[in-house]
Amino acid sequence: MDLAYSEEEEAFRHELRAWLGKALPGLPPKPDPNDWPGRRAYDLGWQRALYDAGYAGLHWPADAGGRGATPTQHLIFLEETERAGAPYVGANFVGLLHAGPTIAAEGTEEQRRRWLPPILRGEEVWCQGFSEPGAGSDLAALRTRAVRDGDSYVVTGSKIWTSHAEVADWCELLVRTDPDAPRHCGITWLAMPMDAEGVTVRPLRTLAGSAEFAEVFLDEVRVPVSCRVGEENDGWRVTMVTLSFERGTAFVGEVVACRRVLEELAHAARANGRWDDAVLRRRLGRLAADFAALWRLTQWNVSAAEGTGGVPGAGGSVFKLRYSSARQELYDAAAEVLGAADALDTGHPWTADRLSSLSYTIAAGTSQIQRNIVAERILGLPKGR
């Protein structure tokens, strides 16, 4: 497989670089990390700028409002925006990277018209209501119930680790609609309005002191049947589409960011004298090789996705599994470069990133889940009991 970029793809890269060079200097200052209304406004303002320039939903199908770009062009977009220091998708990452692509692939025409344009224009924010207390990464163990009542489902239960729920307009919600069916067969995927009566959001504070997660309580919330994506009790299959996007390209920009951090670590080590430590140099060299390999794996994954309509395959789990550990190792190395005193300074960005890196072997499916996927879907091993 040829991993080199074509002339057309390089032309796209130069076009994007030129636009970023003009757009980024005009951005307003970033809001305080704890100012979630301000962060929402900032993130959606950037999304609107992308939309006006024709870069919103770059890899989404044209009939879903996107540009119909290839996965490779999307990879170039992520690479260039990260290198230029452009804002991340931020508060709207669930809508842009998870819910939107799922609705584009599985939704009706009416659902696509209703939800996709506001996501692309930066008008509505989505959150993800998958995980539950006591269930962890075992999505099939979810207990939130949805009972059909005429043209609505009545939903009761709770969700946890719901990113940006406090500023979200919609939630991609997994519910159990048939409690008597086998675990994977009685689940339904709903789009729930977050302003519906009976929805309560309680922010959760992380180890790093941030509050981007929340616990969501659902007390007989009525969700219209028209908000169901896919058929009733077919939610597990729809969810696998969502998770393939979550594990496929959602972390690509972060690989570029980690490679940049690695360069900064090398410069810092030279400046403070730690570069003389041969063990540290070998550690940084191995990490450089790891992230270079992860970037090549990303190129392979997106190239393979071009043959499946842009839907990532099980290779995303290989990437997620290694990336999660490599990121933790990177920030462990950062602590070594900083030294004991500075490594405890919570105001240092590397310290905050080190704390957040601890969640990466859990977020988007634990490493144990990823190993099961690799074993079953790539290596062909039997399912564990």
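Residues numbered from 1 in each chain as written. Predicted model: local features only at pLDDT ≥ 70, side-chain atom pairs only at ≥ 80, totals over all residues. Heavy atoms only, no water.

Participant: Just to check I follow, could you spell out the overall build of the protein chain for this structure?
Facilitator: Counting its secondary structure elements, the protein chain contains 12 helices and eight strands. Per-residue burial over the protein chain gives 51% buried out of 385 residues. For the protein chain, the share of sequence-separated contacts (at least 6 apart) that also reach a separation of at least 24 residues comes to 72%. Total accessible area computed for the protein chain in this model is approximately 17800 Å², and 53% of it derives from carbon and sulfur atoms. (Helix = DSSP H or I, 4+ residues; strand = E, 2+ residues; numbered from the N terminus. Buried < 20%, exposed > 50% of the residue type's maximum accessible area, 1.4 Å probe, protein only. Contact = heavy atoms within 4.5 Å. Areas by Shrake-Rupley, 256 points an atom, 1.4 Å probe, with all protein chains shown as cover.)

Participant: Explain the nonpolar core here, please?
Facilitator: Across soluble globular proteins, nonpolar side chains show a tendency to be buried alongside one another. If you look at the biggest cluster of nonpolar residues, it comprises 49 residues, and the most contacted ones within it are Trp 126, Val 155, Trp 189 and Met 192. Not counting chain neighbours up to four residues away, the residues in contact with Met 192 comprise Asp 169, Trp 170, Cys 171, Leu 173, Val 199, Leu 218, Val 221 and Val 223. (Core = buried A, V, L, I, M, F, W, Y, C linked by side-chain atoms within 4.5 Å.)

Participant: Hey, could you run me through the packing of aromatic side chains in this one?
Facilitator: Geometry of an aromatic ring pair is reported as the spacing of the ring centres plus the angle between the planes. According to the stated counting rule, one finds eight aromatic pairs in the structure shown. Centroid distance Trp 19 to Trp 46: 5.6 Å. Interplanar angle 35 degrees. Geometry classified as tilted. Pair noted here: Trp 19 is in helix α1 (residues 7–23) and Trp 46 is in helix α2 (residues 36–53), with a separation of 27 residues, a long-range link. By the burial criterion, Trp 19 is buried, and Trp 46 matches it. Ring geometry for Trp 115 against Trp 126: centres 5.8 Å apart, planes inclined by 85 degrees, an arrangement best described as edge-to-face. Note that Trp 115 is positioned in helix α5 (residues 109–121) and Trp 126 in strand β1 (residues 126–129), a separation of 11 residues in sequence. Overall, the relative accessible area of 0% leaves Trp 126 in the buried class. Above the face of the Tyr 153 ring, Arg 148 is positioned so that its terminal group lies 5.8 Å from the ring centre. Its end group placed over the ring of Trp 275, Arg 270 keeps NZ or CZ at 4.2 Å from the ring centre. (Phe/Tyr/Trp six-rings, centres within 6.5 Å; stacked < 30°, edge-to-face > 60°. Lys NZ or Arg CZ within 6 Å of the ring centre and 35° of its normal.)

Participant: Is there a simple way to explain α1 in this structure?
Facilitator: Owing to its 3.6 residues per turn, the α-helix aligns residues three or four sequence positions apart on the same side. Between its first and last C-alpha atoms α1 spans 24 Å; for 17 residues at 1.5 Å apiece the expected length is 24 Å, and the two agree. Those residues of α1 hidden inside the fold are in contact with α2 and α3 (71–83). (Expected span 1.5 Å × (residues − 1).)

Participant: In this structure, what is going on with the environment of Lys 383? I would like to understand it.
Facilitator: Its location among the elements puts Lys 383 in the segment after α12 (367–378). Residues Lys 383 and Asn 372, spaced 11 residues apart in sequence, show a C-alpha to C-alpha distance of 7.8 Å.

Participant: What exactly am I supposed to notice about the state of the cysteines here?
Facilitator: One way to say it: the disulfide is the covalent bond shared by the sulfur atoms of two cysteines. Taken as a whole and judged by the stated rule, the model has zero disulfides. Left unpaired, Cys 171 is separated from the closest cysteine sulfur, that of Cys 127, by 3.9 Å. (Disulfide = S-S within 2.5 Å.)

Participant: Looking at this model, I keep getting lost on the pattern of salt bridges. Mind explaining?
Facilitator: Oppositely charged side chains can pair when the atoms bearing their charge come close. Applying the stated rule across the entire model yields 25 salt bridges. Here Glu 80 and Arg 17 are joined by a salt bridge, their closest N and O atoms 2.7 Å apart. Taken together, the positions of Glu 80 in helix α3 and Arg 17 in helix α1 put the pair 63 residues apart, joining distant regions of the chain. Between Glu 106 and Arg 237 there is a salt bridge whose closest N-O contact spans 2.9 Å. In this pair, Glu 106 sits in helix α4 (residues 93–106) while Arg 237 sits in helix α6 (residues 235–248), placing the two residues 131 residues apart along the sequence. The network of salt bridges with common partners includes Glu 10, Arg 13, Arg 17, Glu 79, Glu 80 and Arg 83. (Salt bridge = Lys/Arg side-chain N within 4 Å of Asp/Glu carboxyl O.)

Participant: Mind showing me how you'd approach α5 here?
Facilitator: In this model α5 runs 18 Å from its N-terminal to its C-terminal C-alpha over 13 residues, within 8% of the 18 Å that 1.5 Å per residue would give. Within α5, the axis deviates most sharply at Trp 115, by approximately 25 degrees, and proline Pro 117 lies no more than four positions further along. Taken together, the buried positions of α5 are Gln 111, Arg 112, Trp 115, Leu 116, Pro 118, Ile 119 and Leu 120. At its buried positions, α5 is contacted by α2, α4, β1, β4 (170–176), β5 (187–193) and β8 (228–229). Two residues or fewer past α5, Gly 122 is found with a positive phi of approximately 75 degrees. (Bend = angle between axes of the 7 residues up to and from the residue.)

Participant: Whenever I open this one, the side chain of Asp 43 confuses me. Can you help?
Facilitator: On the secondary structure map, Asp 43 appears in helix α2. Arg 39 provides the closest opposite charge to the buried, salt-bridge-free Asp 43, at an N-O distance of 5.1 Å. When residues no more than four places from it in sequence are discounted, the contact partners of Asp 43 are Tyr 88, Val 89, Gly 90 and Ala 91. (Lys, Arg positive; Asp, Glu negative; His and termini not counted.)

Participant: Just to check I follow, could you spell out the pairing of strand β2 (residues 145–149) for this structure?
Facilitator: On any regular strand, side chains alternate: one points to one face of the sheet, the next to the other face. In this sheet, strand β3 (residues 152–159) lies alongside β2 in antiparallel orientation, the contact comprising five bridges. Within the sheet, the bridge partner assigned to Asp 149 lies in β3 and is Ser 152. What sits between the antiparallel neighbours β2 and β3 is a turn of two residues, in which Gly 150 has the positive phi angle 65 degrees. (Pairing = 2+ DSSP bridges.)

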